[in-house]
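# Observations on chain architecture
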Amino acid sequence: MSNTILVGAQWGDEGKGKIIDFMTEQADIVARAQGGANAGHTVIVGKTQYILHLIPSGILRKRTTCVIGNGVVVDPIGLVEEIDGLLKAGIDPKGRLHVSDAAHMVFPFHKALDAAREALKGKNKIGTTMRGIGPAYGDKIDRVGLRMGSILNPKRFSEQLDQGIKRANAMLKALGAKPVSAKATRESVLKAARRLKPYVANTFQMLHEATAAKKRILFEGAQGTFLDIDHGTYPYVTSSNTTSGGMCTGSGIPPTMIDSVVGVAKAYTTRVGEGPMPSEDNVVGDLLHGMGREYGATTGRERRCGWFDAVTVRQAVMVNGITDLAVTNFDGLDTLPEVKVCVAYQVGSKRFDLQPTDLDVLARCKPVYETFPGWQKSTDKIRKWKDLPLNARRYGQALAKLTGTRLRFASVGPARSQTITL
Ligand code: IMP
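Below is a short write-up of the structure. The model shown is predicted, which means the values in this text are computed figures rather than measured ones.

So, about the site of the ligand. Near the ligand there are 16 residues, and of these Asp 13, Asn 38, Thr 129, Thr 238 and Arg 301 occur at the shortest range. Measuring from an oxygen atom of the ligand, one finds a backbone N or O atom of Gly 127 at 3.4 Å. Contact distances for the ligand include 3.3 Å between an oxygen atom and a backbone N or O atom of Val 272. Isolated, the ligand exposes 470 Å² of accessible area, and the fraction of that covered by the protein chains is 96%.

In structure tokens form, the structure reads like this:
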């Protein structure tokens, strides 16, 4: 591996954290380039479970450097909490964690605005994670955001923060929501900012120098392809580019310096929040929820579940340039006598092999299924591809073929050791 991008090929929660953790063994640097604390990566090492929102999961390996790139929106208070959580677990990120001076910040008033705007949308709400992501990216695009580099000049930062609080409170009032306390916001943000000073760096320069020194970078994509602001099921998306191109703009590493793109997909489909999901099916939902699976790492919300949707993953392969597919959660389907795959959509007599852009049309799409025989054997203890039941192997290869890529990893459980390389 040299420079690799890892992206979610569905609607997020594909098990990226686990695959990244596995691939980190061959990386010198793990970088995030978009999203913020809306992500929740669960990594299990030995008996300990870590849930990371902003810090790349590479931090759990001692020799790995971690970068939070310019495209990420950083909640300074949340980041300090995460650092403290790591310190408690005996992991000191200082010297190994670098946050871009150009990354924008998320403040408590962004979260308040997130909630107020969702409330205003009523039944048309997006179902955001309430982490202030949309309002923070909104300020960035509106050119009124504050970047991490500002905290290096405390006087100027404090003035800019005051302006931000004023602006946000005016908007909150206009939305009929409660303004945030200027005093409490200032205190909590300035306290966090003081702690974060040693982590702020020019990560653009750092990444280019590292590449020149033949260091290998692994880009840790957050959310998933269909939550991308441009390529997702708009408006039921997040506010960043979650696809491979977003990793380039969000880090300053150009496409010509990327060697491979790994796409992660579950052996079935899940989605949190609102928006169309053609292969949604209660049979899959009841099965997985009954096993205690598919509850969100960030919000605890029950995820919507359905069969593997080859239409979406096929499109994800195209938009991201996925060279290798990682299929996770094979073990979730272990008990089923038959497993379905949505191979196309149908509206009336019209068939779609790719997602229609018009959301109303997508909402009317009916799945066209192909049925595969199940394997009805538990797979969670299997460590080699050749030892998986034949029907599970056939199913995995069919998913790669239907989506136009190569199967590279199969995951049969949440632990690092439960990852099979082909
Ligand atoms: P936001 O990113 O909090 O603005 O939420 C926008 C949409 O993206 C909502 O449907 C969220 O549920 C979804 N979303 C955001 N982050 C994640 C994630 O990491 N996994 C799955 N869904 C996510």
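Moving on from the model shown.
We now examine the pairing of strand β3 (residues 41-45). When β3 meets strand β4 (residues 48-52), the two strands line up antiparallel, connected through five bridges. When the sheet's bridge partners are listed, Thr 42 is paired in β4 with Ile 51. Connecting β3 to the antiparallel partner β4 that follows it, the hairpin turn spans two residues, and Gly 46 within it adopts a positive phi of roughly 60°.

A few words on the pattern of salt bridges. Under the definition given, this model contains 22 salt bridges. Arg 63 is the salt-bridge partner of Asp 28, the closest N and O atoms lying 3.6 Å from each other. On the criterion of sequence distance, the pair formed by Asp 28 in the loop between α1 (16-23) and β2 (29-32) and Arg 63 in the loop between β4 and β5 (65-68) is long-range, its members being 35 residues apart. Classification of Asp 28 by relative accessible area gives buried; the value is 15%.

This paragraph deals with the sheet that holds β5. Sheet architecture is open: ten strands sit in the order β9-β7-β5-β2-β10-β1-β11-β15-β19-β20, paired in mixed fashion. Each edge of the open sheet is held by one strand with a lone partner, namely β9 (200-201) and β20 (419-421). Pairing between strand β7 (residues 97-100) and β9: two bridges, direction parallel. Bridged to Val 99 within β9 is Val 200. Across the sheet, α1 is in contact with β1 (4-8), β2, β10 (217-220), β11 (260-266), β15 (324-328), β19 (407-411) and β20; its angle to β1 comes to roughly 165°.

Criteria and thresholds
Residues numbered from 1 in each chain as written. Predicted model: local features only at pLDDT ≥ 70, side-chain atom pairs only at ≥ 80, totals over all residues. Heavy atoms only, no water. Near = heavy atom within 4 Å. Polar contact = N/O pair within 3.5 Å; in protein donor to acceptor, adjacent residues only side chain to side chain. Areas by Shrake-Rupley, 256 points an atom, 1.4 Å probe, with all protein chains shown as cover. Pairing = 2+ DSSP bridges. Helix = DSSP H or I, 4+ residues; strand = E, 2+ residues; numbered from the N terminus. Salt bridge = Lys/Arg side-chain N within 4 Å of Asp/Glu carboxyl O. Buried < 20%, exposed > 50% of the residue type's maximum accessible area, 1.4 Å probe, protein only. Contact = heavy atoms within 4.5 Å. Axes fitted to C-alpha atoms, helices over the stretch in contact; angles between N-to-C directions.

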